[in-house]
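Remarks on the overall topology
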Amino acid sequence: MLRIHFTSQDLARTTLAEEPDPLWEVLLSLHQLQVQDGTTQYGHWRERTRRQLPRPATRLLHLAPPRGYSPDFLTPAQHTGSFDEGVERVLSTSRGRFQRELELLAVRRPGSSWTRELVSGRHEVVKGLGHAMHTYHQSAIAPYWESMRTMVRADHQQKVSELSGAGVDRLLGRIHPAVRWESPVLTVDGLPDADLHLDGRGLRLQPSVFCWRTPTKLRDPHLPPVLVYPVKHGPGALRRGAAEQRSRPLAALLGSTRAAALEAIADGCTTTELAQRCSISLAGASRQAGILREAGLITTRRAGQAVRHDLTTLGRMILDGCGAPIG
């Protein structure tokens, strides 16, 4: 079992994520893609993803065996917020770290020619890793992001309610059935026997849809500590977005990224929220909002320190029109 040792400073610096982490979901979903566990939760997703998985994305399976170690560089310790920013962090991994972590992976799983090439750090090979991640995300994660965010937000609201009602002790004691809190140590069953001393760094608690049964963490104890734990969800909870019925005609009209941005603004949002909902960078979200605004589809106004976007009447008509039944 894993024993996480807290100080009073660590308790003050412990945070609970409100949104799913796109890179952790990519990694953990790759694990789920290669097993048969959780049929009621993942069966439909697994069947559809296996059938439609683009060839470039299959390379990632060499980096994410269903059991055991996966390289830490796939899930940057710094919380990224958007998928694009996270991929950029992955691609900026040093050659030395690529080599160290891929050698650890090869101990349990013989490397492929592609993973061996990654060690070289050559630009075209690393760029291929980014392409594989984007392709996989677009096929296996992005269509389900709406329901994933709903599940993680529900877990967050429940945990915050426990925190406000009974404090940090109750929150840490009720993260997951495999986790026990006996101050100042958090014990996690199902992980290799080890002691992790936070030493004032705090702990990020990250709820995850594709984490299955047992919480997980980064292998390297020197990286910023994070504990990823499963959220509860039953049959049918993981589903493609309700907006999918209109996504194809809307994408044909505006382009896929801009169509996703227009849908994300349907209930109003800030630029930061738009980036998170579309899994794009903040700069990309600002650019898409600017194009939609110039086309007369959205309005933008200052709201305190943030900028808020809302649909115009024309934007609402286009969004609703693409969802109307034909005939």
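Data block above holds the structure.
The following refers to the structure shown.

What counts and how
Residues take numbers from 1 onward in each chain, read along the sequence in its written order. Local features are withheld for residues below a pLDDT of 70 in this predicted model, meaning they are given only at 70 or higher, and side-chain atom pairs are given and counted only at 80 or more; totals for whole chains, interfaces and linings count all residues. As a convention, hydrogens and water are excluded, and side-chain values are obtained from all of the structure's heavy atoms. Starting at the N terminus, helices and strands are each numbered in turn, a helix being any DSSP run of H or I of at least four residues and a strand any DSSP run of E of at least two. Three labels apply to residues, based on accessible area from a 1.4 Å probe with only protein chains included: buried if under 20% of the type maximum, exposed if over 50%, partly exposed otherwise in between. Whether two residues touch is decided by their heavy atoms; if any such pair falls within 4.5 Å, the residues are in contact. For two strands to pair, DSSP has to find at least two bridges joining them. The nonpolar core is taken to be a set of buried Ala, Val, Leu, Ile, Met, Phe, Trp, Tyr and Cys residues, with the residues joined through side-chain atoms within 4.5 Å. Under the pairing criterion, centres of Phe, Tyr and Trp rings, with the six-membered ring standing for Trp, must be within 6.5 Å; the plane angle then separates stacked pairs below 30 degrees from edge-to-face pairs above 60, leaving the rest tilted. Geometrically, a lysine NZ or arginine CZ counts as sitting over a ring once it is within 6 Å of the ring centre and also within 35 degrees of the ring normal. Under this scheme, a helix contributes an axis fitted over its contacting stretch, all axes are lines through C-alpha atoms, and angles between N-to-C directions fall in the 0 to 180 degree range. Under this rule, positive means Lys or Arg and negative means Asp or Glu; His and the chain ends count for nothing. For this document, the term salt bridge refers to a Lys or Arg side-chain nitrogen within 4 Å of an Asp or Glu carboxyl oxygen.

As a further point, take the overall build of the protein chain. Regarding its fold elements, the protein chain presents 14 helices and 11 strands. In terms of overall dimensions, the protein chain has C-alpha extents of about 60 × 55 × 40 Å along its principal axes. Taking all 327 residues of the protein chain together, 49% fall into the buried category. Residue pairs at least 24 apart in sequence account for 69% of intrachain contacts in the protein chain once pairs closer than 6 positions are excluded.

Reading across from one edge, 9-11-10 is the order of the 3 strands in this open sheet, with antiparallel pairing throughout. In this open sheet, the two strands that pair with only one neighbour each are strand 9 (269-270) and strand 10 (298-303).

On to the nonpolar core. Residues Trp45, Leu60, Leu63, Leu129, Tyr136, Phe210 and Leu238 are the most contacted members of the largest nonpolar core, which totals 49 residues. Elements represented by at least two residues in this core include exactly helix 2 (22-33), helix 3 (39-52), helix 4 (83-91), helix 5 (95-108), helix 6 (113-118), helix 7 (123-141), helix 8 (145-166) and strand 8 (226-230). Sort the elements by how many residues they give to this core and helix 7 lands first, with 8 residues. In contact with Leu63, other than residues within four places in its own chain, are Ser70, Pro71, Leu74, Leu102, Leu105, Trp114, Thr115, Leu118 and Leu129. Counting residues in each nonpolar core, the second largest holds 18 residues, with Ala261, Ile265, Cys269 and Leu274 among its members.

Here the focus is the packing of aromatic side chains. Throughout the structure, instances matching the rule amount to 5 aromatic pairs. Between Phe6 and Trp181, the aromatic rings sit 5.2 Å apart at their centres with planes inclined by 85 degrees, giving edge-to-face as the arrangement. In this pair, Phe6 is assigned in the loop between strand 1 (2-5) and helix 1 (8-12) and Trp181 in strand 3 (residues 179-182), connecting sequence segments 175 residues apart. The same class applies to Phe6 as to Trp181, namely buried. Centre to centre, the rings of Trp45 and Phe210 are 4.6 Å apart; their planes meet at 55 degrees, and the pair counts as tilted. Highlighted residues: Trp45 in helix 3 and Phe210 in the loop between strand 6 (204-208) and strand 7 (216-217), separated in sequence by 165 residues. Under the relative-accessibility criterion, Phe210 is labelled buried at 2%. Cluster of aromatic residues (ring-pair linked, three or more members): Tyr42, Trp45, Phe210 and Trp212. The cationic tip of Arg219 hangs over the ring face of Tyr69; the distance from NZ or CZ to the ring centre is 5.9 Å.

The subject of this paragraph is the sheet that holds strand 1. In space, the 4 strands of this open sheet follow the order 3-4-1-5, with mixed pairing throughout. Pairing within the sheet leaves two strands with one partner each, and these edge strands are strand 3 and strand 5 (194-197). Strand-to-strand twist of the sheet, defined as the mean angle between neighbouring strand axes without regard to direction, takes the value 20 degrees. Summarising the sheet, strand 3 and strand 4 (residues 185-188) pair through 4 bridges and their orientation is antiparallel. Pairing of Val179 across the sheet is with Val188, part of strand 4.

So, on to the environment of Ser139. As for its placement among the helices and strands, Ser139 is situated in helix 7. Through-space distance from the C-alpha of Ser139 to that of Ala57 is 8.9 Å; in sequence the pair is 82 residues apart. Here Ser139 is in contact with Gln52, Leu53 and Pro54, once residues within four sequence places are set aside.

Let us look at the side chain of Arg46. Looking at the element boundaries, Arg46 is found in helix 3. One buried charged residue, Arg46, forms no salt bridge at all, with the nearest opposite charge on Asp37 at 6.6 Å. Residues in contact with Arg46, not counting those within four places in the same chain, are Gln32, Leu33, Val35, Gln36, Asp37 and Thr39.

A word on the pairing of strand 4. Judged by which residues are buried, strand 4 turns out to be covered on both faces: Val185 and Thr187 on one side and Leu186 and Val188 on the other are all buried. Counted between consecutive antiparallel strands, the loop separating strand 3 from strand 4 contains 2 residues.

Moving on: unusual backbone geometry. Cis geometry marks the peptide bond from Ser183 to Pro184, where omega comes out at 10 degrees. For Asp199, which is not glycine, the phi dihedral falls at a positive 55 degrees. For Asp199, the location among the structural elements is in the loop between strand 5 and strand 6. Located in the positive-phi region is Arg213, a residue other than glycine, with phi close to 65 degrees.

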